[in-house]
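Observations on the three-dimensional arrangement
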Amino acid sequence: MLQLLKKEVFEPLQEASLLRPTQKTVFLVTLATAARVSEIHALSASAECLRFNDNGSVSLLTSPGFIAKNRLPELGSQAYSLSPLQEDQSLCPVRALRLYVQRTLNTRRPCDPLFLAIPRDKKTTPQFISSLLRNLIKEAYLSEAEAQTEVGRGGSTLTGVLRGTGFEPYLN
(Lines give C-alpha, C1' and ligand atoms only; values in the text may rest on other atoms or scores of the structure.)
Protein backbone atom coordinates (compact mmCIF):
# COMPACT_ATOMS: atom_id res chain seq x y z
CA MET A 1 0.00 0.00 0.00
CA LEU A 2 2.70 2.47 1.00
CA GLN A 3 4.65 1.72 -2.19
CA LEU A 4 1.69 2.95 -4.24
CA LEU A 5 1.72 6.28 -2.35
CA LYS A 6 5.33 6.84 -3.45
CA LYS A 7 4.57 6.48 -7.18
CA GLU A 8 4.60 9.33 -9.71
CA VAL A 9 0.81 9.70 -9.71
CA PHE A 10 1.11 10.94 -6.10
CA GLU A 11 4.48 12.69 -6.08
CA PRO A 12 5.24 15.46 -6.17
CA LEU A 13 2.03 16.25 -4.26
CA GLN A 14 2.07 19.87 -5.42
CA GLU A 15 1.75 18.78 -9.07
CA ALA A 16 -0.58 15.77 -8.88
CA SER A 17 -4.27 16.15 -9.72
CA LEU A 18 -6.19 17.19 -6.57
CA LEU A 19 -7.74 13.73 -6.21
CA ARG A 20 -4.33 12.13 -5.55
CA PRO A 21 -3.20 14.46 -2.72
CA THR A 22 -6.68 14.13 -1.21
CA GLN A 23 -6.50 10.32 -1.29
CA LYS A 24 -2.95 10.23 0.04
CA THR A 25 -3.57 12.74 2.81
CA VAL A 26 -6.81 11.09 3.95
CA PHE A 27 -5.08 7.71 4.04
CA LEU A 28 -1.98 8.93 5.92
CA VAL A 29 -4.01 10.94 8.44
CA THR A 30 -6.38 8.01 8.98
CA LEU A 31 -3.44 5.66 9.50
CA ALA A 32 -1.63 8.06 11.85
CA THR A 33 -4.68 8.85 13.99
CA ALA A 34 -6.38 5.42 13.89
CA ALA A 35 -9.60 7.43 13.69
CA ARG A 36 -12.93 6.24 12.34
CA VAL A 37 -14.17 7.54 9.00
CA SER A 38 -16.77 9.68 10.77
CA GLU A 39 -14.01 11.31 12.83
CA ILE A 40 -11.84 11.96 9.76
CA HIS A 41 -14.89 13.51 8.10
CA ALA A 42 -15.44 15.71 11.17
CA LEU A 43 -11.90 17.16 11.18
CA SER A 44 -11.99 20.89 10.60
CA ALA A 45 -9.61 23.25 8.81
CA SER A 46 -10.64 26.21 10.96
CA ALA A 47 -7.85 28.06 12.80
CA GLU A 48 -9.03 26.74 16.18
CA CYS A 49 -9.09 23.11 14.95
CA LEU A 50 -5.97 22.87 12.75
CA ARG A 51 -2.61 24.08 14.00
CA PHE A 52 0.85 23.50 12.55
CA ASN A 53 3.19 23.72 15.54
CA ASP A 54 6.74 25.11 15.76
CA ASN A 55 8.14 21.64 16.54
CA GLY A 56 6.92 20.32 13.15
CA SER A 57 3.87 18.51 14.51
CA VAL A 58 0.26 19.26 13.69
CA SER A 59 -2.68 19.42 16.09
CA LEU A 60 -6.13 18.48 14.81
CA LEU A 61 -9.58 18.78 16.37
CA THR A 62 -12.92 17.56 15.17
CA SER A 63 -15.59 20.20 14.56
CA PRO A 64 -17.08 21.46 17.84
CA GLY A 65 -20.54 20.01 17.15
CA PHE A 66 -19.29 16.50 16.34
CA ILE A 67 -19.71 13.76 18.92
CA ALA A 68 -18.18 10.37 18.11
CA LYS A 69 -20.36 7.40 18.90
CA ASN A 70 -17.88 6.16 21.50
CA ARG A 71 -17.29 9.54 23.19
CA LEU A 72 -19.19 11.33 25.94
CA PRO A 73 -20.55 14.76 24.88
CA GLU A 74 -19.03 16.50 27.90
CA LEU A 75 -15.52 15.53 26.73
CA GLY A 76 -15.75 17.95 23.77
CA SER A 77 -13.92 17.69 20.48
CA GLN A 78 -11.56 14.79 19.80
CA ALA A 79 -7.92 15.94 19.66
CA TYR A 80 -5.15 14.37 17.57
CA SER A 81 -1.47 15.22 17.38
CA LEU A 82 0.68 14.07 14.47
CA SER A 83 4.46 14.14 14.54
CA PRO A 84 6.48 14.39 11.35
CA LEU A 85 8.24 11.30 9.99
CA GLN A 86 11.99 11.69 9.79
CA GLU A 87 12.68 8.60 7.66
CA ASP A 88 10.53 8.98 4.54
CA GLN A 89 9.09 12.41 3.82
CA SER A 90 6.94 11.08 0.97
CA LEU A 91 4.91 9.15 3.57
CA CYS A 92 4.81 11.85 6.24
CA PRO A 93 1.21 12.71 7.22
CA VAL A 94 2.26 16.17 8.45
CA ARG A 95 3.91 17.03 5.12
CA ALA A 96 0.95 15.67 3.15
CA LEU A 97 -1.50 17.63 5.30
CA ARG A 98 0.48 20.87 5.02
CA LEU A 99 0.66 20.59 1.21
CA TYR A 100 -3.01 19.58 0.95
CA VAL A 101 -4.14 22.58 3.02
CA GLN A 102 -1.96 24.89 0.90
CA ARG A 103 -3.39 23.45 -2.33
CA THR A 104 -7.00 23.86 -1.19
CA LEU A 105 -6.66 27.20 0.60
CA ASN A 106 -8.10 29.30 -2.25
CA THR A 107 -11.19 27.09 -2.66
CA ARG A 108 -12.16 26.87 1.02
CA ARG A 109 -15.10 28.47 2.73
CA PRO A 110 -14.94 29.18 6.49
CA CYS A 111 -17.30 26.32 7.38
CA ASP A 112 -15.63 23.67 5.19
CA PRO A 113 -14.33 20.43 6.69
CA LEU A 114 -10.63 19.63 6.45
CA PHE A 115 -11.07 17.31 3.47
CA LEU A 116 -12.96 18.71 0.51
CA ALA A 117 -15.15 16.72 -1.85
CA ILE A 118 -14.16 16.24 -5.46
CA PRO A 119 -15.73 17.68 -7.55
CA ARG A 120 -15.89 20.79 -5.40
CA ASP A 121 -19.62 21.38 -5.94
CA LYS A 122 -20.37 18.19 -3.99
CA LYS A 123 -20.68 17.99 -0.22
CA THR A 124 -18.04 16.13 1.78
CA THR A 125 -19.65 13.14 3.48
CA PRO A 126 -18.35 10.16 5.47
CA GLN A 127 -19.21 8.09 2.39
CA PHE A 128 -16.88 10.26 0.30
CA ILE A 129 -14.04 9.70 2.79
CA SER A 130 -14.78 5.97 2.83
CA SER A 131 -14.79 5.77 -0.98
CA LEU A 132 -11.41 7.55 -1.16
CA LEU A 133 -9.91 4.95 1.18
CA ARG A 134 -11.65 1.99 -0.46
CA ASN A 135 -10.59 3.02 -3.98
CA LEU A 136 -7.00 3.60 -2.90
CA ILE A 137 -6.78 0.20 -1.20
CA LYS A 138 -8.33 -1.48 -4.24
CA GLU A 139 -5.84 0.27 -6.53
CA ALA A 140 -2.93 -0.89 -4.36
CA TYR A 141 -4.26 -4.44 -4.35
CA LEU A 142 -4.69 -4.51 -8.14
CA SER A 143 -1.24 -2.99 -8.62
CA GLU A 144 0.32 -5.68 -6.42
CA ALA A 145 -1.68 -8.46 -8.11
CA GLU A 146 -0.54 -7.21 -11.52
CA ALA A 147 3.10 -7.23 -10.42
CA GLN A 148 2.74 -10.77 -9.00
CA THR A 149 1.11 -12.24 -12.11
CA GLU A 150 3.67 -10.66 -14.45
CA VAL A 151 6.41 -12.36 -12.47
CA GLY A 152 4.68 -15.74 -12.42
CA ARG A 153 3.11 -16.08 -15.84
CA GLY A 154 4.31 -13.33 -18.09
CA GLY A 155 0.72 -12.11 -18.36
CA SER A 156 -1.91 -10.69 -16.10
CA THR A 157 -4.58 -13.35 -15.81
CA LEU A 158 -5.29 -12.62 -12.16
CA THR A 159 -5.46 -8.88 -12.80
CA GLY A 160 -7.91 -9.43 -15.66
CA VAL A 161 -10.11 -11.58 -13.46
CA LEU A 162 -9.96 -9.03 -10.62
CA ARG A 163 -10.90 -6.24 -13.03
CA GLY A 164 -13.95 -8.19 -14.16
CA THR A 165 -12.92 -9.50 -17.58
CA GLY A 166 -13.09 -13.09 -16.36
CA PHE A 167 -11.06 -16.06 -17.60
CA GLU A 168 -12.53 -16.17 -21.13
CA PRO A 169 -9.76 -14.13 -22.84
CA TYR A 170 -7.15 -16.51 -21.43
CA LEU A 171 -8.81 -19.79 -22.42
CA ASN A 172 -8.00 -19.59 -26.15
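In what follows, the structure referred to is the one given above.
Remember, predicted model here, so these are calculated numbers, not experimental data.

What follows deals with the sheet that holds strand β2 (residues 58–61). Whenever strands of a sheet pair, they do so through backbone hydrogen bonds, lying parallel or antiparallel. An order of β1-β2-β3 is seen for the 3 strands of this open sheet, with the pairing classed as antiparallel. Two strands close off the open sheet at either side, each with one partner strand: β1 (50–52) and β3 (79–82). The sheet shows a mean angle of 10 degrees between the axes of neighbouring strands, taken without regard to direction. Here β1 runs beside β2; their pairing, made up of 3 bridges, is antiparallel. Across the sheet, the residue bridging to F52 is V58, located in β2. In the packing of helix α4 (residues 93–104) onto the sheet, contacts are made with β1, β2 and β3, and the angle to β1 comes to roughly 115 degrees.

Turning to the pattern of salt bridges, a few remarks are in order. As enumerated under the stated definition, the model contains 5 salt bridges in all. Across the pair E139 and R20 runs a salt bridge whose closest N-O atoms are separated by 2.8 Å. In this pair, E139 sits in helix α5 (residues 126–153) while R20 sits in helix α2 (residues 19–33), placing the two residues 119 residues apart along the sequence. Relative accessible area serves as the criterion here: at 26%, E139 is assigned to the partly exposed category. R20 gets classed as buried once you look at its relative accessible area, which sits at 16%. The salt bridge involving R109 is made with D112; its shortest N-O contact spans 3.2 Å. With relative accessibility at 5%, the residue D112 sits in the buried group. Here the salt bridges share partners, and the residues they tie into one network are E11, K24 and R95.

In β3, alternate side chains face the same way, and those of Y80 and L82 are buried while those of A79 and S81 on the opposite face are not. In this structure, β2 lies alongside β3, joined through 4 bridges in antiparallel fashion. Directly across from L61, in β3, lies its bridge partner A79.

Let us look at the side chain of S57. Checked against the element boundaries, S57 lands in the loop between β1 and β2. Only 2.7 Å separates the side chain of S57 from the side chain of N55, close enough to count as a polar contact.

Rules and cut-offs
Residues numbered from 1 in each chain as written. Predicted model: local features only at pLDDT ≥ 70, side-chain atom pairs only at ≥ 80, totals over all residues. Heavy atoms only, no water. Pairing = 2+ DSSP bridges. Helix = DSSP H or I, 4+ residues; strand = E, 2+ residues; numbered from the N terminus. Axes fitted to C-alpha atoms, helices over the stretch in contact; angles between N-to-C directions. Contact = heavy atoms within 4.5 Å. Salt bridge = Lys/Arg side-chain N within 4 Å of Asp/Glu carboxyl O. Buried < 20%, exposed > 50% of the residue type's maximum accessible area, 1.4 Å probe, protein only. Polar contact = N/O pair within 3.5 Å; in protein donor to acceptor, adjacent residues only side chain to side chain.

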